[in-house]
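Letter by letter, the chains look like this.
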Amino acid sequence: MENTAKVAGDRLSDLTSREGDWFLEELCSMSGNVTQLLSLLRGHPLVIEEQKSSSKEELNNSIKGIFAVHKVFSALQELMTNFRNIIVPEAIKSFTSGDPSVTRMLESLERLVHGEDIAALAKTLEREMNSSHECQDVNSSSISSKISILQQQFDAIQQSRNAIGKKSSEQMSAGQMLLAGFNGLFTKVESELDLMNAILAQVNSSFGNKTCDVVQEAKKLQ
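Treat the numbers as computed from the prediction; the structure is a model and nothing was measured.

A separate point is the nonpolar core. Among the nonpolar cores identified, the biggest contains 17 residues, and M105, L109, L112, F154, I157, L178 and L179 are the most heavily contacted of them. Elements with a minimum of two residues in this core: α3 (54-97), α4 (100-114), α6 (140-159) and α7 (174-206). Aside from chain neighbours lying at most four places away, what touches L109 is F154, I157 and L179. In this structure, A5, L15, L24 and C28 belong to the second largest nonpolar core, which totals 7 residues.

Now the structure itself:
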């Protein structure tokens, strides 16, 4: 399924398992089972020979990495659930009531999106991330600059307030609250991704920057 998801592209939202579960839900279920098993193993640690004690820290880092990956999957699932059950219904409700703040917010986002070819930028960024990092590409600084500008413009839309100028949630318009709630879902995913990358960096450094096979490395401790 992982290989299928890798080449699915925009069809990833339609990818399901043999049982009919969506790809992300299947990942959350499988990773949840793995973390439950690891929780049991943590409560009953292996007796490791003294000459292999250095591998214990490597194994612990690997276990932390698996828990971190599961948190990323869970955050993505939470994003989709809240988007469908909270963000979309609230947006439809605001559109139906004709709230002008929601219309202004959408117009600002539309200008932001149309000001830059987001699809092309995303493809270029994905290609850069998948390529070798042994040398910096000429376009890397240009991509970072474009992303930084988009981030600043988006933050400006978020931080804009009513004429009163107060920053309390009571003074936020419906459009601003809707955007803040939507952005908060991605902020949670971003924080979990940062934590996961930090933990996986420790795993890779302890294994000499090679991919760590938790199963095989664990067998070496037996």
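Still more ground to cover, so stick around.
As a further point, take the packing of aromatic side chains. Under the counting rule described, the total for this entry stands at 2 aromatic pairs. Considering the side-chain rings of F83 and F182, the 5.8 Å spacing of their centres and the 50° angle between planes classify their relative orientation as tilted. With F83 in helix α3 and F182 in helix α7, this pair connects stretches of sequence that are 99 residues apart. Seen from their ring centres, F182 and F186 are 5.0 Å apart, and the 70° between their planes marks the pair as edge-to-face. Of this pair, F182 and F186 are both found in helix α7, 4 residues apart, which corresponds to roughly one turn of the helix. With relative accessibility at 29%, the residue F182 sits in the partly exposed group. Judged by relative accessible area, F186 falls into the partly exposed class, the value being 40%. Here the aromatic residues F83, F182 and F186 are joined through ring pairs into a cluster of three or more.

Within an α-helix, residues lying three or four positions from one another point in the same direction, as the helix has 3.6 residues per turn. Under the 1.5 Å per step criterion, the end-to-end length of helix α2 (residues 23-43) is 31 Å for 21 residues, consistent within 8% with the ideal 30 Å. Inspection of α2 places F23, L24, E26, L27, C28, S31, G32, T35 and L38 among the buried residues, and these make up the whole buried set.

So, about the pattern of salt bridges. A full pass over the atoms with the stated rule returns 1 salt bridge. Ionic pairing is found between E78 and K188, a salt bridge with its closest N-O pair at 3.5 Å. Here K188 lies in helix α7 and E78 lies in helix α3, a separation of 110 residues in the sequence. Given a relative accessible area of 36%, E78 falls into the partly exposed group.

Moving on to the side chain of S94. Tracing the chain through its elements places S94 in helix α3. Accessibility expressed as a relative area gives 12% for S94, which makes it buried. Sequence-distant contacts of S94, that is, excluding residues within four places in its chain, are made with D99 and V102.

The rules behind these values
- Residues numbered from 1 in each chain as written.
- Predicted model: local features only at pLDDT ≥ 70, side-chain atom pairs only at ≥ 80, totals over all residues.
- Heavy atoms only, no water.
- Core = buried A, V, L, I, M, F, W, Y, C linked by side-chain atoms within 4.5 Å.
- Buried < 20%, exposed > 50% of the residue type's maximum accessible area, 1.4 Å probe, protein only.
- Helix = DSSP H or I, 4+ residues; strand = E, 2+ residues; numbered from the N terminus.
- Contact = heavy atoms within 4.5 Å.
- Phe/Tyr/Trp six-rings, centres within 6.5 Å; stacked < 30°, edge-to-face > 60°.
- Expected span 1.5 Å × (residues − 1).
- Salt bridge = Lys/Arg side-chain N within 4 Å of Asp/Glu carboxyl O.

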